[in-house]
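Next come the chains, spelled out residue by residue.
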Amino acid sequence: MTDRAPAALVSTKVEEALIFRMKQEAMQKCKQEARAYAECCKTRSISIAWACRQQFGNLNSCVAQQGCFSQSISLGAVYVPQVLHCCSTGDRTLKELKSRWIAAGRPELPDWEALFDGL
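Calculation notes
- Residue indices follow the written sequence of each chain, beginning from 1 at its first position.
- In keeping with the predicted nature of the model, local features appear solely for residues at pLDDT of at least 70, side-chain atom pairs appear and are counted solely at 80 or more, and the whole-chain, interface and lining totals rest on all residues.
- As a rule here, side-chain values cover all heavy atoms of the structure and leave hydrogens and water aside.
- Helix numbering and strand numbering both begin at the N terminus, where a helix is a DSSP run of H or I of at least 4 residues and a strand a DSSP run of E of at least 2.
- Accessible area is worked out with a 1.4 Å probe on protein chains only. A residue is then buried under 20% of its type maximum, exposed over 50%, and partly exposed in between.
- The angle between two axes is taken between their N-to-C directions and runs from 0 to 180 degrees, where each axis is a line fitted to C-alpha atoms and a helix contributes only its stretch in contact.
- In these notes the angle categories are as follows: under 35 degrees is roughly parallel, over 145 is roughly antiparallel, 65 to 115 is roughly perpendicular, and the rest is oblique.
- Helix crossings are classified by the rotation of the near helix relative to the far one: an anticlockwise turn of less than a right angle makes the crossing left-handed, while a clockwise turn makes it right-handed.
- Contacts are residue-level and defined by heavy atoms, with any inter-residue pair within 4.5 Å sufficient.
- Residue classes follow a fixed rule: Ala, Val, Leu, Ile, Met, Phe, Trp, Tyr, Cys and Pro count as nonpolar, while Asp, Glu, Lys and Arg count as charged, and any other residue, Gly among them, counts as polar.
- One less than the residue count of a helix, multiplied by 1.5 Å, gives the span that helix is expected to have.
- To qualify as a nonpolar core, a set must consist of buried Ala, Val, Leu, Ile, Met, Phe, Trp, Tyr and Cys residues joined through side-chain atoms within 4.5 Å.
- Predictor confidence is given residue by residue as pLDDT, running from a minimum of 0 to a maximum of 100.
- A pocket, in this scheme, is an open set of points on a 1 Å grid over the protein atoms alone with protein on both sides within 12 Å along at least 5 of 7 lines, while a cavity is a set where a 1.4 Å probe fits but cannot get out; residues line either one if an atom lies within 4 Å of a point.
- Grid points are joined across faces, edges and corners, and a volume is the space filled by probe spheres set on the points.

Looking at the secondary structure, you find A51 in helix α4 (residues 48-51). By relative accessible area, which is 30% here, A51 ends up partly exposed. Residues A51 and C40, spaced 11 residues apart in sequence, show a C-alpha to C-alpha distance of 7.7 Å.

This paragraph deals with the packing of helix α3 (residues 31-41) against helix α5 (residues 53-65). One can describe the packing of α3 onto α5 by two numbers: an axis separation of 9 Å at closest approach and a directional angle of 155°. Taken together, the axes of α3 and α5 are roughly antiparallel relative to one another. In terms of crossing hand, the pair formed by α3 and α5 is left-handed. Contact residues: E33, A34, A36, Y37 and C40 in α3; Q55, F56, N58, L59 and C62 in α5. Here the residues of the contact of α3 with α5 sort into 7 nonpolar, 2 polar and 1 charged.

Quick look at helix α2 (residues 12-29) now. Given a rise of 1.5 Å per residue, 18 residues ought to cover 26 Å, and the 26 Å separating the end C-alpha atoms of α2 matches this to within 8%. Of all the positions in α2, only V14, L18, M22, K23, A26 and M27 are classed as buried.

One finds V10, V14, L18, M22, L94, L97, W101, I102, L115 and F116 forming the largest nonpolar core, which totals 10 residues. Dropping the residues within four chain positions of it, F116 is found in contact with R21, M22, E25, L97 and R100. M27, C30, L59 and V63 belong to the second-largest nonpolar core, a separate cluster that totals 6 residues.

Once that is clear, we can look at the confidence of the model for the protein. Overall, the predicted model of the protein reaches an average pLDDT of 77, with 73% of residues at or above 70. Confidence, expressed as mean pLDDT per element, reaches its minimum in the protein at strand β4 (residues 83-86) with 46 and its maximum at α3 with 92.

This next bit is on the layout of surface pockets. If a probe as big as a water molecule is rolled over the atoms, it shows which places are left empty. Estimated volume of the second largest pocket: approximately 160 Å³. K13, V14, A17, L18, W101, R106, P107, E108, P110 and W112 together form the lining of the second largest pocket. For the lining of the second largest pocket, the leading source of residues is α2, giving 4 residues. Broken down by class, the residue content of the lining of the second largest pocket amounts to 7 nonpolar, no polar and 3 charged.

In structure tokens:
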């Protein structure tokens, strides 16, 4: 199998589902940082950019460790950075997830814990 083989064997719909799960996993691992940032943002509007810079940096560092970088999600009434875009580490993780999904027999309802085990 070449480096591109897993991508060629996985439909766009499945790839999107795997990316969505990667984002969920990353946000789960960075929940504490996301809450700290949300708490900082609660009573602010324009001042978020400078007043919550450290919390945002902590969240960004956490999600970067997961192979992603931030955008925005809603935590209640507050919008906070979100793990939406995956970088090279995320690309490697996605490639591994695709390979694991194929090896698992392309299940319609995969065992997510097994697919993410060790990633």
